[in-house]
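# Residue-level structure breakdown
Single-letter residue listing:
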Amino acid sequence: MHIDQLSTAELEQQLAALEARYAELGQLELALDLTRGKPCSEQVALSDGLDGVLAGNYLSGGVDTRNYGGLEGLAEARALFGSVLGLPPEETLVGGNSSLTMMYQVVDFALSEGLRGPQSAWGNSDTVKFLCPSPGYDRHFAICEHLGIDMIPVPMLDSGPDMDAVEALLREDPAIVGIWCVPRFSNPTGCTYSDATVERMAALPRLAGEHFLVMWDNAYAVHTLYDDAPQLASIAEYCRAQGTLDNVFQFGSTSKITHAGAGVAFMGSSPANLAAFCRHLGYQSIGPDKVNQLRHVRFLQDRERLAAHMARHAAIIRPRFESVLQTLEKELAGTGMGSWTSPRGGYFISFDTLPGLAREVVRLAGDIGVKLTPAGATFPYGEDPQDCNIRLAPTFPPAPAVEATVEAFVVCVQLASVRQRLGT
Ligand SMILES: Cc1ncc(COP(=O)(O)O)c(C=O)c1O
């Protein structure tokens, strides 16, 4: 029954049952963790074929990958990973093991040196601001905070960031220099930006000015859970039409395709931007790990085989997502105690408690050994104004642990909700 329809006596009855259940869970000495979006061991094992795939052949189109050089990445890798971003090789750079590093480098470069020379550096202004669709990815926000960039939260809708809000903010505040986006299977809501959102995003630089950057983190570009998962429109195509290709940097990696932390990261932008970025990179590196790039190309081969590989990932993690969703549906549907997303891909389920309860639910869960992502982590400065969002990451723990965690989580949500209603 909906919490609003329960009488005080009924709420008190529920409270007693929930307190007893919560105490029972406390006795179990659970040690469960649903915090970070990491692939599980079975998933990373899918790519163990990387080991030895080169069989002593280190050559790629005449390039000896064992030696220095090639800052922009191997031609074969640029072709394969460019296709993941929907870009030609000349608009793709393949680097080291982390796309997050590349994002940091791009923001740092634009801030302190300027993509188009010193006069273009964002840091020439006293105040530099970024739009942060929220809930969003905590590490994007951490980059801004670390580099002293002010963050402005923007609501997330099912179609992506609220573009009316984004455009209104840009019209009134010239200090805004960029926006973070996770356009497909967003972290954490799982939404895929609608075609209209992608088109409006590509047009933003015309409103915001020539040094504005769209940070298009397509981390989950190929990470579908279901065959009917929504497709993402190509921002580059819209940018070509709008003349804004210089204002978008796209990112991706194989962190959740092959071996997390030992994969290959890539980025895409206009050839002029990539050339400027490479000059900047040249002070930091003589070249990326091309042996690893070649191993990835030989292992993943082409888009068709990549899709088959991703289907094997989906087969492992889909049951974990479904077990979370089934429990939420069974225990909480119609109760008014929370709402949640049902993603078609990606790594997260986003859960909203009643306003003001996320921190309490995370605390209650932590006290009985169930670790959840800290409440607020999905918002700039860790401040969720409604204190309601909790990110659930079901991929890493074994399936039975996911089930046990969500059952305990539901009890914490119910307990916090009933206590709030009773004012206890
Ligand atoms: C949206 C998003 N971008 C980037 C990353 C990290 O990517 P990488 O391993 O390539 O640094 C993650 C990891 O969780 C993510 O969720």
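Attention here is on the structure that accompanies the text. These numbers were taken from a predicted model, which means no experiment stands behind them.

### A closer look at the pattern of salt bridges
The full count for this structure, using the stated rule, is 18 salt bridges. With a shortest N-O distance of 4.0 Å, Asp-387 and Arg-359 are connected by a salt bridge. Linking Asp-387 in the loop between β14 (370-372) and β15 (389-392) with Arg-359 in helix α12 (residues 358-367), this pair joins segments that are 28 residues apart in sequence.

### Let's talk about the packing of α12 against helix α13 (residues 399-422)
Running from N to C, α12 and α13 cross one another at 130°; their axes reach a closest spacing of 9 Å. Overall, the two elements α12 and α13 adopt an arrangement that is oblique. Crossing angle aside, the handedness with which α12 passes α13 is right-handed. Along its contact with α12, which presents Glu-360, Val-361, Arg-363, Leu-364 and Ala-365, the element α13 presents Phe-409, Cys-412, Val-413, Leu-415, Ala-416 and Arg-419. Across the contact of α12 with α13, the residue classes tally to eight nonpolar, no polar and three charged.

### Let's talk about the packing of aromatic side chains
Evaluation of the coordinates by the stated rule reveals nine aromatic pairs. Ring plane angle 10° and centroid distance 4.8 Å describe the contact between Phe-81 and Phe-266, whose orientation is recorded as stacked. Within this pair, whereas Phe-81 is found in helix α3 (residues 75-85), its partner Phe-266 is found in strand β11 (residues 265-268), the two being separated by 185 residues in sequence. With relative accessibility at 1%, the residue Phe-81 sits in the buried group. Judged by relative accessible area, Phe-266 falls into the buried class, the value being 2%. For the pair Trp-122 and Phe-130, a centre-to-centre distance of 5.7 Å together with 70° between the ring planes defines the contact as edge-to-face. For the pair Trp-122 and Phe-130, one class covers both residues: buried.

Thresholds applied
- Counting restarts for each chain: residues are numbered from 1 in the order of the written sequence.
- pLDDT decides what is reported in this predicted model: residues at 70 or higher carry local features, side-chain atom pairs at 80 or more are listed and counted, and totals for whole chains, interfaces and linings draw on all residues regardless.
- Only heavy atoms go into the side-chain values, all of them from the structure, while hydrogens and water stay out.
- What makes a salt bridge here is a side-chain nitrogen of Lys or Arg within 4 Å of a carboxyl oxygen of Asp or Glu, nothing more.
- Secondary structure elements are defined from DSSP: runs of H or I of at least 4 residues count as helices, runs of E of at least 2 residues count as strands, and each element is numbered from the N terminus.
- Working convention: axes come from line fits to C-alpha atoms, limited for helices to the stretch in contact. Angles between N-to-C directions cover 0 to 180 degrees.
- Just so you know how the angles are binned, under 35 degrees is roughly parallel, over 145 roughly antiparallel, 65 to 115 roughly perpendicular, and the rest oblique.
- Crossings are sorted by hand: turned counterclockwise from the far helix by less than a right angle, the near helix makes the crossing left-handed, and turned clockwise it makes it right-handed.
- We call two residues in contact when some of their heavy atoms are within 4.5 Å.
- For this scheme, ten residues count as nonpolar: Ala, Val, Leu, Ile, Met, Phe, Trp, Tyr, Cys and Pro. Four count as charged, namely Asp, Glu, Lys and Arg, and the remainder, Gly too, count as polar.
- Stacked, edge-to-face and tilted are the three classes for Phe, Tyr and Trp ring pairs, Trp counted by its six-membered ring, which pair at centre distances within 6.5 Å; planes under 30 degrees apart are stacked, over 60 edge-to-face, the rest tilted.
- Only protein chains enter the accessibility calculation, which uses a 1.4 Å probe; a residue whose area is less than 20% of its type maximum is buried, one above 50% is exposed, and one in between is partly exposed.

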